[in-house]
Amino acid sequence: MTGSRRGGLAGPVSGGATASRQRRAAGSPAPDPAAPEALLAGGLLDGLAEAVVLTDAAGRVTLLNDAARQLLPEVAIGCQLTMCPVPALARAAEDGSDGFEAEHLGRQLHGRCRPFTDGRSVWYVRDVTEERARTDALLAERSRTAFLAEAGARLSLSLHPEHTLRAAVTLLVPYLADAAVVVRRPTAPLPATGPLSWVRYAAGDGRPVSGTGRAELADSVPGLTEAMSGDPTEASPWLAAQLADLGWALPDDFGPPGTVLVAPMPGAGAGSGALVAIRRAGRPGFDEPDVALVRQFAARAGAALGTAELYGEQAHLARVLQASLLPPALPPIPGVTLAGGYRAAGDSLRIGGDFYDAFPADDGGTFALGDVCGKGVEAAVLSGRVRQSLDTLRLVEDRPLRLLELLNQALFNAPDADRRAQFTTLLLGTLAPATRPGDGLRLRIAGGGHPAPLVAGRDGTVRAVKVGGMPVGALPTARFSEISLRLAPGELLLAYSDGVTEARGGPDGHQMFGEARLAQALAGCAALPPAALIESLLQHVDDWLDGHSHDDIALLALRAGPEWE
């Protein structure tokens, strides 16, 4: 550029014979073509990719390089630039602007002006069509990527199928469509030929609308039957003859539709659903990037819907599992007041290996509290097996010690016993009202390696009752022990799992709750009814843990006599 100004801008400069003839025709003096400066300036200007237009102090064009002659063929040497046939350039010259942006003959032009002190000016004009196209394509791709990222995040927020369907149709409007519909076949146990269900959202709806219709509805949308079978379809225009059949797919005030694109949702099941994207008449149809984006979105929406449905099935199974494995409501037993408490070890299903149970009998009842080795679903399954075995065995045996022996044998006789490395500690007892009124409650308790229960007196004193024994299911020849005791009216027996005493927390977060702290907490709430006492003890443990993880926790309290004031 420096060479151009030094040589060419001092006077009219041409890069060749054609430019010379143009200058002579315009009455401009022609420099000596052999002048080194003129030849150098002309060569430099013609080698530029930008169009260069030089004007004199009166605004007449005095020089054009090769790029200018190709890009602006309407501009000629000697013409007044403010009256040239390139409107944007003429206006910029008239207004004294230092640049312009405009479309000319289908090309995007970018021009900038540099004035000189002697009144002359030089315009540099560049064709930025491809550059703008690349920029627009990059911005569009970024927009599509951002849309998919936001859509993926929104679709994954809910694991409820209905919420996922509503998110799928609302996300598409208005970014890619003026209306969106998800159409689905019935799920089992209904037959595949049953009524279709659909969810629709359009700008005029305000919120998603859902409904059902006959299976023949799929024939009213071009490509819907194929998409619901899992086959991709192409965007197609609506036909006026089809509008009468599309009342279910469009709001009343939608207006005439333009184009439709139907995409399968493979994640919603094997050919069980499809996404319909609709644009109004007058809006551009779906181009190739739009088609690809709608299909990607439909695939993600289908996957999210499939995940939500799978989660729903698992949640249903979890509820059934919980109903069978969670500690039950304790039955009323004459002469005793019972209450239990349970905390699973952070498992999302709220089930674990600790358990308690009670069974009424003609002369009193039976109670149990156990702790299966391990935690989570596997431990819960084994605890369920122990409870079911106890429920069966007590029909033929009511002596606690003998019951433990039979249970130990039953666990080792299970078909998968050789593959398991699990066992359970257990307290198993019978209770019966004393023979004389006011004598309280008679207990026989068999121990299978479980922590000693605590007895709280009416005066707040607490003592441990050693039972002993070996864990159940650990050895085929395990030995168990049994004790007898009497609870005076108002006295309370507390059985607990080691998840209570081994709960780690406190000031440093690692100190165990311990038996002494449990006894102290029990003494402080011994006057409470059993249900309130259990809640108080669990609160003590929760405060000690202060959010730290813990093992399964189970508590069972029984008080001699009716509810004690």
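Quick look at the structure, then. (Residues numbered from 1 in each chain as written. Predicted model: local features only at pLDDT ≥ 70, side-chain atom pairs only at ≥ 80, totals over all residues. Heavy atoms only, no water.)

**A short note on the packing of aromatic side chains**
- Within the structure shown, the criterion is met by 4 aromatic pairs.
- The interplanar angle of 20° and the centroid separation of 4.7 Å between the aromatic rings of phenylalanine 147 and tyrosine 175 together place this pair among those described as stacked. In this pair, phenylalanine 147 sits in helix α6 (residues 129–155) while tyrosine 175 sits in the loop between α7 (161–172) and β6 (179–184), placing the two residues 28 residues apart along the sequence.
- The interplanar angle of 75° and the centroid separation of 6.0 Å between the aromatic rings of phenylalanine 513 and tryptophan 544 together place this pair among those described as edge-to-face. With a gap of 31 residues between them, phenylalanine 513 in the loop between β22 (511–512) and α13 (514–524) and tryptophan 544 in helix α14 (residues 530–545) connect regions that are remote in the sequence.
- Chaining the aromatic ring pairs together yields one cluster made of Phe147, Tyr175 and Phe297.
- Between the NZ or CZ atom of arginine 517 and the centre of the ring of phenylalanine 513, over which it lies, the distance is 5.9 Å.
- Positioned above the aromatic ring of tryptophan 544, the side-chain terminus of arginine 517 is 4.0 Å from the ring centre. (Phe/Tyr/Trp six-rings, centres within 6.5 Å; stacked < 30°, edge-to-face > 60°. Helix = DSSP H or I, 4+ residues; strand = E, 2+ residues; numbered from the N terminus. Lys NZ or Arg CZ within 6 Å of the ring centre and 35° of its normal.)

**Looking at α14**
- Here α14 contains 16 residues, and its C-alpha end-to-end distance of 23 Å stays within 8% of the 22 Å for a straight helix at 1.5 Å per residue.
- Among the residues of α14, Pro530, Leu533, Ile534, Ser536, Leu537, Leu538, Val541, Trp544 and Leu545 are the ones counted as buried.
- Looking at the residues trailing α14, positive phi occurs at aspartate 546, about 50°. (Expected span 1.5 Å × (residues − 1). Buried < 20%, exposed > 50% of the residue type's maximum accessible area, 1.4 Å probe, protein only.)

**A look at the pattern of salt bridges**
- According to the stated counting rule, one finds 21 salt bridges in the structure shown.
- The salt bridge partner of arginine 107 is aspartate 127, with a shortest N-O separation of 3.0 Å. Residue arginine 107 is located in strand β4 (residues 107–115), and its partner aspartate 127 is located in strand β5 (residues 121–127); the two are separated by 20 residues in the primary sequence.
- When the shortest N-O distance is used, the salt bridge between aspartate 118 and arginine 120 registers 2.8 Å.
- If you follow the salt bridges from partner to partner, you end up with Asp46, Asp66 and Arg69 in one network. (Salt bridge = Lys/Arg side-chain N within 4 Å of Asp/Glu carboxyl O.)

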